[in-house]
There are 4 protein chains.
Amino acid sequence: MLSELKEQVWRANLDLVRFGLVTLTFGNASGLDRKKGIMAIKPSGLSYEKMKPSDIVLVDLAGKRVEGRLSPSSDTPTHLELYRAFRTIGGIAHAHSEHATMHAQACREIPCLGTTHADIFNGPVPVTRFLRRDEVERDYELNTGKVIRERFEKIKPLERPGVLVAGHGPFAWGRTPGEAVENCLALEKIAKIALGTLFLNPSGPLFPRYLLDKHFQRKHGPGAYYGQKKGEKR
Amino acid sequence: MLSELKEQVWRANLDLVRFGLVTLTFGNASGLDRKKGIMAIKPSGLSYEKMKPSDIVLVDLAGKRVEGRLSPSSDTPTHLELYRAFRTIGGIAHAHSEHATMHAQACREIPCLGTTHADIFNGPVPVTRFLRRDEVERDYELNTGKVIRERFEKIKPLERPGVLVAGHGPFAWGRTPGEAVENCLALEKIAKIALGTLFLNPSGPLFPRYLLDKHFQRKHGPGAYYGQKKGEKR
Amino acid sequence: MLSELKEQVWRANLDLVRFGLVTLTFGNASGLDRKKGIMAIKPSGLSYEKMKPSDIVLVDLAGKRVEGRLSPSSDTPTHLELYRAFRTIGGIAHAHSEHATMHAQACREIPCLGTTHADIFNGPVPVTRFLRRDEVERDYELNTGKVIRERFEKIKPLERPGVLVAGHGPFAWGRTPGEAVENCLALEKIAKIALGTLFLNPSGPLFPRYLLDKHFQRKHGPGAYYGQKKGEKR
Amino acid sequence: MLSELKEQVWRANLDLVRFGLVTLTFGNASGLDRKKGIMAIKPSGLSYEKMKPSDIVLVDLAGKRVEGRLSPSSDTPTHLELYRAFRTIGGIAHAHSEHATMHAQACREIPCLGTTHADIFNGPVPVTRFLRRDEVERDYELNTGKVIRERFEKIKPLERPGVLVAGHGPFAWGRTPGEAVENCLALEKIAKIALGTLFLNPSGPLFPRYLLDKHFQRKHGPGAYYGQKKGEKR
């Protein structure tokens, strides 16, 4: 069932490792078949080296396992909450990648300091608040999804395809599992470059808003002209 | 004799290199068969590339070589002291990995700043005191083990599976040699992420204790639900 | 047509990835046949893994595509403006490499702090001004080339084979596409080493001008004696 | 002639690249047959990928080429001066490795902050003074060797097997070309770890002299017990 989605999710999880975003088992990627209402996700705590496409677990949007013998990632309720909240996305990646996690632990949003950032994020990379004690002690993973949703109340998810959960690390998303992983990698690079920029210029250079708009729109806006046009063939 | 343990220890030593934790011959891993009271450890100063499982040296808990033609690691007395002190552990890894060593040299414990840390360490990564002159001049390696033991007087070893020896570097441990190496890798990542966090937020963000408890317990507590349940099959 | 140039440009683009200068599709390299007035450049947004020499697009100096089915890089007008402005160059590389981009985002030129720098750049690595709103909203990529040209009004391009575009990242060039990529790599290393130097010595050590002259001239001056003499055979 | 030495020097040069110490052609290694008074060294500006053992150039201690069709490294006079000055060494490695070069550019010696350092260097890694204008303009490479010699007037070369040339980068040495490259790698690691240590503890923790003595002596002193004893067989 959904063998293509499982293959995509399997590959997305391996790409997290290949891109250096994941150490040991600190990360996971998922994909959603929105029509069927079924999510494919990495099994919990399984080593990436051993994982096969058939190990990918399928759960419905209520969190019930519908296929797979292994337990799904312990972050499953977070992923599900994000799919319920963000109707435009089809893939999610979570990692404890080094530099994005530094910002998440420092509880500092990443301001837009350059065009690398503006190509992907139409504004700062947001940070959630810390979860409260009661939110941690009960339904922790679900509530992690909820504080992200809360932080994005006025933000379109595909205009800021990632977030830093305070004291935890990044979640990124996209239209597909592959896009989610690419955004997770871009977020890591943006976080690393921001760190050095803030060292070299602590007061923060002023990156003009019109330049941010230009870069985001030339890739993602209605008149986007970056990349190959649809229908163009190699 | 104990060929499986020797194989595990051999692999653990190679993993130290594969994970980028060791440069030249600055590191070693060991494993203990607690029933037999015999430790398997890397030979001293031997290059990792040339090492074979049969080169792994066996010594008893008093430090007497019981098998192997090569001298055991010069850190052997440290490993033995830790096995005598910490009855729950079965593997030890030592490295001069870059970021953990930075903290060790700076004599700064690593505060728990996020969930990556909390998944492995139930509190700050401790730093030992410097050894005194007399402790260095006589039985230096044994005394290295003793200052670690002293620092852990009130700490359960598996709740903080690693330590920074002042002016030296990290020792990490676990139930097995493989787990010790994984904890050594996690410690290096935690140290690196902490460094950047302290740059971005020098006053130190407050990572709530209840979040630390949650993360440590969901992986290591009595009701742990991270990873695959025992008996679950692929 | 121009299959050798296309092969060189294809290889230069792959080298950007191999040298770790490019993440995802954030970078491009081009080459010019100055006699024919034709530039070969990477197609826009195409993944490096899939790219073949035959995918390289040919455009004339006015920007008209003369061969290739794919759209050329969206940075094409920047490359063309640089070839029109700098008559001595035959290759250009653009990347968002981490450390050069940190300096570009911080709007800090890279002072010459050592011989690694002096071997390649006969003075600081310049930073452009930010483009104005009107320059961004209309002919953005062309105007990116124009602010670089403006910044180099009194600088010979082969004496400073690279620049940092404010809030964006580095462009580097050379006599050939391969040389452009090498200069892009050297610029990244110089930027990284400068960052650490400024941390260790914030007031900036005084690197003597006569040492800068010596290093640049022994490699690039009329009496250059670095490398193999022309005609010398292996 | 001296084919074994040429092979060793060839391998040492490739190891500089393999260990990540060299970018492009910024580095070189040499070896000396002290009995014959002949040095083997990398050819100037030749790419590492193309170099074969037969490309290694032989010169006598006066700098006259005695074998090889290529020009020797432009740093040849520096190497020769060091071999004349330091009678105990048989190999030299030079690189512009990132972190050692940061310290060299900052003109800051590397204090001994830990046992990784103490295992290799019996005291701080020294920095030379800047060369004067006249020393640069005439016999620059020879004078580079002379300022190193001057700095080591009261230091035994094998007790500090490396130096930082102000505004330039590291030179390291050892009994053989291979040992020189290993010391060059160790110096880079020491430099990197020192950088982070100084960030975490700017006032500088006091690493006790007795601990430095212990570590250096247990590896290099008369009663050294690190590594395998001579005559011990695998």
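Right above here is the structure, for reference.
Rules of the game
Residues numbered from 1 in each chain as written. Chains lettered and ligands numbered in written order. Predicted model: local features only at pLDDT ≥ 70, side-chain atom pairs only at ≥ 80, totals over all residues. Heavy atoms only, no water. Helix = DSSP H or I, 4+ residues; strand = E, 2+ residues; numbered from the N terminus. Rg over C-alpha atoms; globule rule 2.2 N^0.38 Å. Buried < 20%, exposed > 50% of the residue type's maximum accessible area, 1.4 Å probe, protein only. Contact = heavy atoms within 4.5 Å. Salt bridge = Lys/Arg side-chain N within 4 Å of Asp/Glu carboxyl O. Pairing = 2+ DSSP bridges. Axes fitted to C-alpha atoms, helices over the stretch in contact; angles between N-to-C directions. Disulfide = S-S within 2.5 Å. Core = buried A, V, L, I, M, F, W, Y, C linked by side-chain atoms within 4.5 Å. Least-squares fit on C-alpha atoms with pLDDT ≥ 70 in both. Parallel < 35°, antiparallel > 145°, perpendicular 65-115°, else oblique. Left-handed = near helix turned anticlockwise from the far one by under 90°. Nonpolar A, V, L, I, M, F, W, Y, C, P; charged D, E, K, R; others polar. Phe/Tyr/Trp six-rings, centres within 6.5 Å; stacked < 30°, edge-to-face > 60°. Buried area = accessible area lost by both parts, 1.4 Å probe. Polar contact = N/O pair within 3.5 Å; in protein donor to acceptor, adjacent residues only side chain to side chain.

Q: Would you explain the overall build of chain A in this entry?
A: Regarding its fold elements, chain A presents 8 helices and 7 strands. Against the 2.2 N^0.38 benchmark of 17 Å for 234 residues, chain A shows a C-alpha radius of gyration of 18 Å, consistent with a compact globule. Buried positions account for 62% of the 234 residues belonging to chain A. Partitioning the contacts of chain A with sequence separation of at least 6, the portion at a separation of at least 24 is 64%.

Q: Could you clarify how one ought to interpret the pattern of salt bridges in this entry?
A: Here the structure, examined in full by the defined rule, presents 68 salt bridges over all chains. Residue Glu150 of chain A pairs with Arg129 of chain A through a salt bridge whose shortest N-O separation is 3.0 Å. With Glu150 of chain A in helix 6 (residues 140-151) and Arg129 of chain A in the loop between helix 4 (115-118) and helix 5 (133-137), the pair connects residues that are 21 residues apart, well separated along the chain. Residue Arg129 of chain A is classed as partly exposed on the basis of its relative accessible area, which comes to 29%. Close ionic contact of Lys189 of chain C with Glu98 of chain D constitutes a salt bridge, the shortest N to O distance being 2.5 Å.

Q: Quick question: what am I supposed to make of the sheet that holds strand 7 (residues 169-174) of chain D here?
A: One key point about sheets: their strands pair by backbone hydrogen bonds, in either a parallel or an antiparallel sense. Residues and elements named next belong to chain D. Pairing within the open sheet is antiparallel, and its 7 strands lie in the order 4-3-2-1-5-7-6. Two strands lie at the open edges of the sheet, namely strand 4 (65-67) and strand 6 (162-165), each paired on one side alone. Sheet twist, expressed as the average angle between the axes of neighbouring strands with direction ignored, equals 25 degrees.

Q: I'm lost on the state of the cysteines in this one. Help?
A: Simply put, the disulfide is a covalent bond whose two ends are the sulfur atoms of two cysteines. In the structure shown here, the tally under the stated rule is 0 disulfides over all chains. There is no disulfide at Cys112 of chain B, and the cysteine sulfur nearest it, in Cys107 of chain A, is 12 Å away. Overall, the relative accessible area of 14% leaves Cys112 of chain B in the buried class.

Q: When you look at the nonpolar core in this model, what are you seeing that I'm missing?
A: Looking at soluble globular proteins, one finds that nonpolar side chains tend to be buried together. Residues Leu16, Phe86, Ile148, Phe171 and Trp173 of chain B are the most contacted members of the largest nonpolar core, which totals 43 residues. The biggest single contributor to this core is helix 1 (residues 3-18) of chain B, with 5 residues.

Q: Would you mind showing me how to read the relation of the copies chain A and chain B here?
A: The operation relating the pair of chain copies consists of a rotation about an axis and a translation along that axis. It takes a turn of 90 degrees to lay chain A on chain B, together with a shift of 0.0 Å along the axis; the resulting RMSD is 0.0 Å. Expressed as an axis order, the relation between the two copies is that of a four-fold axis. It is Phe199 of chain A whose C-alpha, among those of chain A, lies nearest the rotation axis, at 6.1 Å. The two copies present different faces, since only 2% of the interface residues in chain A are matched by interface residues at the equivalent positions in chain B.

Q: I'm lost on the packing of helix 3 (residues 98-106) of chain D against helix 7 (residues 177-200) of chain D in this one. Help?
A: To describe two helices that pack against each other, one gives the angle between their axes and the distance between the axes. Residue and element names in this part refer to chain D. At their nearest, the axes of helix 3 and helix 7 sit 7 Å apart, and the two run at 65 degrees to each other. Between helix 3 and helix 7, the interaxial angle falls into the category roughly perpendicular. The interaxial crossing formed by helix 3 with helix 7 has left-handed handedness. Of the residues in helix 7, those touching helix 3 at Glu98, His99, Ala100, Met102 and His103 are Leu187, Glu188, Ala191, Lys192, Ala194 and Leu195. For the contact of helix 3 with helix 7, the residue count by class is 6 nonpolar, 2 polar and 3 charged.

Q: I would appreciate a short explanation of the pairing of strand 6 of chain D in the present structure.
A: Along any regular strand, the residues point their side chains to alternate faces of the sheet. Residue and element names in this part refer to chain D. With burial as the criterion, each face of strand 6 is covered, one bearing Gly162 and Leu164 and the other bearing Val163 and Val165. Pairing geometry for strand 6 and strand 7, over 4 bridges, is antiparallel. The partner of Leu164 across the bridge, within strand 7, is Pro170. In this antiparallel pair of consecutive strands, strand 6 and strand 7, the connection spans 3 residues, and Gly167 shows a positive phi of 70 degrees.

Q: Looking at this structure, I do not really get the packing of aromatic side chains. What am I missing?
A: Taken as a whole and assessed by the stated rule, the structure comprises 20 aromatic pairs over all chains. A ring pair is formed by Phe130 of chain A and Phe207 of chain B, whose centres lie 6.3 Å apart and whose planes are at 70 degrees; its orientation type is edge-to-face. Placement of the pair is Phe130 of chain A in the loop between helix 4 and helix 5 and Phe207 of chain B in the loop between helix 7 (177-200) and helix 8 (209-220), with the two residues belonging to separate chains. The exposure class of Phe130 of chain A is partly exposed, given its relative accessible area of 22%. On the basis of an interplanar angle of 75 degrees and a centroid distance of 5.2 Å, the ring pair of Phe152 of chain C and Trp173 of chain C is categorised as edge-to-face. Pair noted here: Phe152 of chain C is in the loop between helix 6 (140-151) and strand 6 (162-165) and Trp173 of chain C is in strand 7 (residues 169-174), with a separation of 21 residues, a long-range link. Of the two residues examined, Phe152 of chain C and Trp173 of chain C, each falls in the buried class. Members of the aromatic cluster, connected to one another through ring pairs, are Phe199 of chain A, Phe199 of chain B, Phe199 of chain C together with Phe199 of chain D.

Q: Which parts of the structure should I look at to understand the interface of chain A and chain B?
A: Note on interface size: it is often stated as the accessible area lost on association of the parts. Contact with chain A, which involves 42 residues of that partner, is made by 36 residues of chain B. Interface area, chain A with chain B, both sides summed: about 3,500 Å², of which 57% is carbon and sulfur. Taken together, the connections running from chain A to chain B amount to 5 salt bridges. Our enumeration of links across chain A and chain B arrives at 10 residue pairs in polar contact (both at pLDDT 80 or more). Here the side of chain A that touches chain B takes 7 residues from helix 3 (residues 98-106) of chain A, the largest share from any one element. Taken together, the residues of the side of chain A that touches chain B sort by class into 16 nonpolar, 13 polar and 13 charged.

Q: Explain unusual backbone geometry here, please?
A: Excluding glycine, a negative phi dihedral is what most residues carry, and trans is how most peptide bonds are arranged. Here Asp139 of chain A, not a glycine, exhibits a phi torsion of approximately 55 degrees, which is positive. Locating Asp139 of chain A in the fold gives a position in the loop between helix 5 and helix 6. Judged by relative accessible area, which is 47%, Asp139 of chain A ranks as partly exposed. Positioned with a positive phi, Leu2 of chain B is a non-glycine residue whose angle comes to about 55 degrees. Relative accessible area serves as the criterion here: at 16%, Leu2 of chain B is assigned to the buried category.

Q: Where do I start with the environment of Glu81 of chain D in this structure?
A: All names here are of chain D. Looking at the secondary structure, you find Glu81 in helix 2 (residues 76-85). You can call Glu81 buried: its relative accessible area is 3%. Separated by 68 residues in the primary sequence, Glu81 and Arg149 have C-alpha atoms spaced 8.0 Å apart. Those residues in contact with Glu81, other than ones at most four positions away along the chain, are Leu142, Gly145, Lys146 and Arg149.

Q: How should I be thinking about helix 3 (residues 98-106) of chain B in this particular structure?
A: Counting buried positions along helix 3 of chain B gives 9 out of 9 residues, so the element sits mostly inside the fold. Within helix 3 of chain B, the full set of buried residues consists of Glu98, His99, Ala100, Thr101, Met102, His103, Ala104, Gln105 and Ala106 of chain B. Next to the buried residues of helix 3 of chain B lie strand 6 (162-165), strand 7 (169-174) and helix 7 of chain B together with helix 4 (115-118) and helix 7 of chain D. Two residues or fewer after helix 3 of chain B comes Cys107 of chain B, characterised by a positive phi angle close to 55 degrees.

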